[in-house]
Amino acid sequence: MARPRGSVRPRERPSGDAPRSKKPGKDKEEAARRSSKDKKSKASRKVKTLKTETCENEMEDFARAPGHVSVKAETEDGDFVAEKKGRKRVRENEPACSTSTLKKRKKVKEGEEDVGDDGKRAEKMQKKIIKKPKEEKAEQPVSSKRKKTKEEIEAAKLLKMKMKEEEEKQRWRWWEEEKYEDGVKWKFLEHKGPYFPPEYQPLPDNIKFYYNGEAVKLSQAAEEAALFFAQMLDHDYTTKDVFRNNFFRDWRKEMSLDERMLITDLNNCDFGELFRMHREKVEARRNTSKEDKQVIKEANQKIMEEYGYCMLDHHRERIGNFKIEPPGLFRGRGDHPKQGMLKKRLQPEDIIINCSKESQIPEPPAGHKWKEVRHDNTVTWLASWTENVQGSCKYVMLNANSKLKGEKDWEKYEVARRLKVCVQQIRAQYKQDLKSKQMSIRQRAVALYFIDKLALRAGNEKEEGETADTVGCCSLRVEHIVLHPELDGEHNVVEFDFLGKDCIRYYNKVPVTKKVFKNLKLFMNNKEGGDDLFDCLNTSMLNKYLTSLMPGLTAKVFRTYNASITLQEQLKDLSNMSDNQPEKLLSYNRANRAVAVLCNHQRAPPKTFEQSMANLQAKIDSRKEQLALAKSELKQAKKEVKTSSDGKQQAVVEKKKKAVQRCEEQLLRMEIQATDREENKQIALGTSKLNYLDPRISVAWCKNMEVPLEKIYNKTQRDKFAWAIDMTDLDFFF
DNA sequence: AAGTGAACTTAGGACGCGACCT
DNA sequence: AGGTCGCGTCCTAAGTTCACTT
């Protein structure tokens, strides 16, 4: 086990630190630094020889795998439970916040010793509730403002309903139609082509760029690039060497010969006036009057009307990204080797148009031509171009609420449901394969175990130096895991620490089976930190194998499957029909959160998080005082009823009772909100909701729980999932 | 069977706006 | 009336997968 441990991973985090937070940047950078350390050994890793070694003699016999393992059994020994571990993980890693806020928050959670125990909490909450409000709106205090516009509100409501109905009538119910033959995506496609950003406006004469203290009038191309840089001056990208060097190199390419001769050092450049002009423009935009804003809005609307839609098989469909990406400086994520490079302005000559032959072919802007017009109905894009920084293709495609996207989405979940019926067999198989004599099969088994249990991404190989150094399952390197035979009372713990997609850190400590642990030891034998953990495996081999087990099965299907099944199970466990609506929604969010944790969907904690938490706490405190007051008033009123036999007094008691009740409900709702927000600090729910959770699970849950769907899905999401909303009954089961 | 490119999904951050509060 | 805050939308980068080529 020769691992240059100390040299490769100089970690050991103070316990209060936030290992999973990505914002502090330090973690990210540290991890990036760490992983870029053995660049040399990484060079060797690119040349991957996929020989099939035998490992017969290297490994002692493993205990027999259980022949057939049910999901339930797995759950019992904690193997496939995402929720508990995941949540705990996040909590453990919560950054230290000031003790006072901590104390305050403790108060919110009064009476809940174990925050992780949802069942108990739900029970307690339930006890606290006096009565469930029937109609949320009805119990709102009637303010004078409300009274005034009551009729108007009614009218607006009615109008809304009508619009909704109208929209519903217009909706293309494509899911009720027959599918096209294989490969054909449309029969007719017509659109206006993409919308180009406005031309560059040269600087006014009073705004100057200075080199070595002297004003220099730049050529238009060089000036535009200079402005891109100046606009980012308040960002710390512009202080990074990689960014500056990339920018300067590309900028010089835009310069005239004379300019290139003169401007040889970025440090001698003074963008001050350009920067100030930019700041003023931003300021002016912020101060635009309401009327002007309205004008701009209407202009945008018009552009949207004209370019934002297409006709696809007789139906008007929204386009997702009809605007051509404006030029600027490339901002990759994380430690991107290409950050700062110039993203060029696209011309119609760069754009390929795709549409029906017999359609009205879009006109290129005056004086221009398209690169090409083609009529390929086996693809879904309307326009495409090659982007100059990475050299990859980009596309104009339809909005998520379109038939083309919806159908694909639906299909994705159907594939995941098919996995459900054979997942147990697949699991049993990869458990067997952990003992295979062939190294490649063993590695495949361990990789699959990770992908299934931890919802890791496949992990394609990436070209070094082209992108930030991030990995997925198959591209994990030895330096990304640490094996602990024993850790915190658990055996065979694997500690993961690597940067995944978008340079989001994945940090997790997971107990694994003995066989997996031993295999990992074997894989790491005689390797250095920068070497591939799975040197006999890649994603295409893995996916090839998976497809042979079930048509359509690839690594990412496991993510979809495990996400959706987790949601379904969590919803079943957490929610009760007897809960009131806020509680039900909290349960839903928690189920959603379990999935987000499983899939490692993180977000930067909102900048104003601490403040807004404190504000909410203050509101809760004042509400508590109000409640106490209301209670004592009620008591007083009750007393008076007894002494005086006045009928009026009874009414007063009733009134006070109602006040107390209302106070309690409001307090409860706020407390739930606080809990929800706190738990959500670093977790992004949107990604899983939009991409991994079969919407039919949520629709069925809403129907069963009698929760309005609007509480779960906003308008955009309801549009995207229209197919699911329409077809799902109460008894849907993923 | 490795390499490459096309096509499509998944991802987090920036930003603006409107709801809500003071 | 003015300020705050959270949500929704936009933006585009960064993945996965598959087909094709050599």
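Calculation notes
- Residues numbered from 1 in each chain as written.
- Chains lettered and ligands numbered in written order.
- Predicted model: local features only at pLDDT ≥ 70, side-chain atom pairs only at ≥ 80, totals over all residues.
- Heavy atoms only, no water.
- Salt bridge = Lys/Arg side-chain N within 4 Å of Asp/Glu carboxyl O.
- Helix = DSSP H or I, 4+ residues; strand = E, 2+ residues; numbered from the N terminus.
- Buried < 20%, exposed > 50% of the residue type's maximum accessible area, 1.4 Å probe, protein only.
- UniProt positions renumbered as here; feature names shortened; annotations may be inferred.
- Contact = heavy atoms within 4.5 Å.
- Polar contact = N/O pair within 3.5 Å; in protein donor to acceptor, adjacent residues only side chain to side chain.
- Pairing = 2+ DSSP bridges.
- Near = heavy atom within 4 Å.

Caption draft 1: Region of the structure containing the pattern of salt bridges. According to the stated counting rule, one finds 29 salt bridges in the structure shown. A salt bridge links lysine 192 to glutamate 306, with the shortest nitrogen-to-oxygen separation between them at 3.4 Å. One end of the pair, lysine 192, is in the loop between strand E1 (189-190) and strand E2 (209-211); the other, glutamate 306, is in helix H14 (residues 290-307), and 114 residues separate them in sequence. Overall, the relative accessible area of 42% leaves lysine 192 in the partly exposed class. On the basis of relative accessible area, glutamate 306 is assigned to the partly exposed category, the value being 38%. Measuring nitrogen to oxygen at the nearest pair gives 2.6 Å for the salt bridge that ties aspartate 502 to arginine 333. Remark: arginine 333 occurs in the loop between strand E7 (328-329) and strand E8 (342-343) and aspartate 502 occurs in the loop between strand E14 (490-499) and strand E15 (505-511); sequence separation between them is 169 residues. When its relative accessible area of 54% is taken as the criterion, arginine 333 is described as exposed. Several salt bridges share partner residues, and in doing so they unite Glu414, Arg417, Asp694 and Arg696 into one network.

Caption draft 2: Structural view of the UniProt feature "active site" (unreviewed entry) in chain A. When the UniProt feature table is mapped onto this chain numbering, "active site" (unreviewed entry) sits at Tyr692. You can see tyrosine 692 is positioned in the loop between helix H23 (686-691) and helix H24 (695-705). On the accessibility criterion, tyrosine 692 (16% relative accessible area) is buried. Tyrosine 692 has contacts with Tyr413, Arg559, Thr560, Ala563, Ser564, His601 and Thr687, leaving out every residue within four places of it along the chain. Of the polar contacts made by the side chain of tyrosine 692, one reaches the side chain of arginine 559; its length is 2.9 Å.

Caption draft 3: Geometry of the sheet that holds E1. Read across the open sheet, the three strands follow the order E1-E5-E6; overall the sheet is antiparallel. Since the sheet does not close on itself, it has two edges, and those belong to E1 and strand E6 (315-318), each with one partner. Two strands pair when backbone bridges link them, and E1 and strand E5 (residues 309-312) are joined in this way by two bridges, in the antiparallel orientation. Across the sheet, glutamate 190 pairs through a bridge with methionine 311, a residue of E5.

Caption draft 4: Structural view of the protein's contact with DNA strand C. Near DNA strand C you find 31 residues, and of these Arg333, Lys394, Gly459, Arg677 and Thr716 are the closest. In DNA strand C, the atoms that sit within 4 Å of the protein are 89% sugar and phosphate, with bases accounting for the remainder. Here a phosphate oxygen of DNA strand C sits 3.3 Å away from a polar atom, N or O, in the main chain of alanine 458. In this structure, a phosphate oxygen belonging to DNA strand C sits 2.9 Å away from a side-chain N or O atom of threonine 470.

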